[in-house]
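# Survey of secondary and tertiary structure
Here's the letter readout for the chains.
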2 protein chains.
Amino acid sequence: MSTAWTALADPTRRTIVERLAARDHTAGELGAGLRISQPAVSKHLRVLREAELVTVEPLGQRRIYRLRPEALDEIDDWAREVRDFWRQRLDALDTEIARGRRDTHPAQPTERTDDEP
Amino acid sequence: MSTAWTALADPTRRTIVERLAARDHTAGELGAGLRISQPAVSKHLRVLREAELVTVEPLGQRRIYRLRPEALDEIDDWAREVRDFWRQRLDALDTEIARGRRDTHPAQPTERTDDEP
DNA sequence: TTAATCTATCACTTGCCAGTTATATAACTA
DNA sequence: TAGTTATATAACTGGCAAGTGATAGATTAA
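Residues numbered from 1 in each chain as written. Chains lettered and ligands numbered in written order. Predicted model: local features only at pLDDT ≥ 70, side-chain atom pairs only at ≥ 80, totals over all residues. Heavy atoms only, no water.

Chain A has the name Transcriptional regulator in an unreviewed UniProt entry, where Arsenicicoccus piscis is given as its organism.

Put into structure tokens, the structure is as follows:
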């Protein structure tokens, strides 16, 4: 079972997700235009299913794939969190500067402390 | 050269980015607590550099790593775009429904059209 | 200078992943 | 019914990516 990150790391799967954002597609429709074999498409769809980025509904012999955009939350929640941390960091730095310290780099390998994060 | 997507697909590298969001770190600090060898850390940092997610500044024998949060744009621009498409799709569907059509599934494998996207 | 420290690179191994062909299963069509 | 179509799975291959230990290069400490 894969995560949204690993599922979306693959450009082919991102293409599939982009198409599904516009409308639902059958597996065959998704395969058309993707210069890879039908089984390869099927495997990409499996990965997207397991990452819960898409759902499937059988319609006769076809399978209708539909995007589940909530699954993208994992991605941009993370990105937002990282940015928030970054902003806090900047704010803290500004505060220190305002206080008149000249302690510019937060990195601060603190003289002789041995490598602890 | 790797993209932000492939760089962030790896959980170890996401951890590194999270730490760098809070403050700058030396390579050694980042390695501490990451139960992998020093060369492994160095390679992760190289990937992050090549994806331009981080910058480095030498300070004596150490290397100070700093996050470049702009590189995250690639990620959430994509996510936002996908969501926007999805929303347009929903809006279009609502419109059709408002018009009284009963043409529910946009997938529409249109009877006998052969697989074109 | 010599020794120790920090980081990167080299050479190599291993495991996973995307691709393939062949085949199975199910649902339509004639 | 038999034949075709749509999709998934099985079995395999090749390449790449992440791990390792060994080593190089540069800086700091003695």
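On to the sheet that holds strand E2 (residues 54-59) of chain B, then. All names here are of chain B. Ordered by their spatial adjacency, three strands build an open sheet running E1-E3-E2, and the pairing between neighbours is antiparallel. With one partner strand each, in any of the chains shown, strand E1 (25-26) and E2 form the two edges of the open sheet. The sheet strands contacting helix H2 (residues 11-22) are E1, E2 and strand E3 (62-67), and the helix crosses E3 at an angle near 85 degrees. Its contacts with the sheet place helix H4 (residues 38-50) against E2 and E3, and it is angled at close to 120 degrees to E2. (Pairing = 2+ DSSP bridges. Helix = DSSP H or I, 4+ residues; strand = E, 2+ residues; numbered from the N terminus. Contact = heavy atoms within 4.5 Å. Axes fitted to C-alpha atoms, helices over the stretch in contact; angles between N-to-C directions.)

Evaluated as defined, the whole model comprises 14 salt bridges over all chains. Measuring nitrogen to oxygen at the nearest pair gives 2.9 Å for the salt bridge that ties Asp76 of chain A to Arg83 of chain B. Here Asp76 of chain A, found in helix H5 (residues 73-98), pairs with Arg83 of chain B, found in helix H5 (residues 73-98), and the two come from separate chains. Between Asp77 of chain B and Arg80 of chain B there is a salt bridge; the shortest N-O distance is 3.1 Å. With Asp77 of chain B and Arg80 of chain B both in helix H5 and three residues apart, this pair spans about one turn of that helix. Given a relative accessible area of 37%, Asp77 of chain B falls into the partly exposed group. Via salt bridges that share partners, Asp24 and Arg66 of chain A together with Arg89 of chain B belong to a single interconnected network. (Salt bridge = Lys/Arg side-chain N within 4 Å of Asp/Glu carboxyl O. Buried < 20%, exposed > 50% of the residue type's maximum accessible area, 1.4 Å probe, protein only.)

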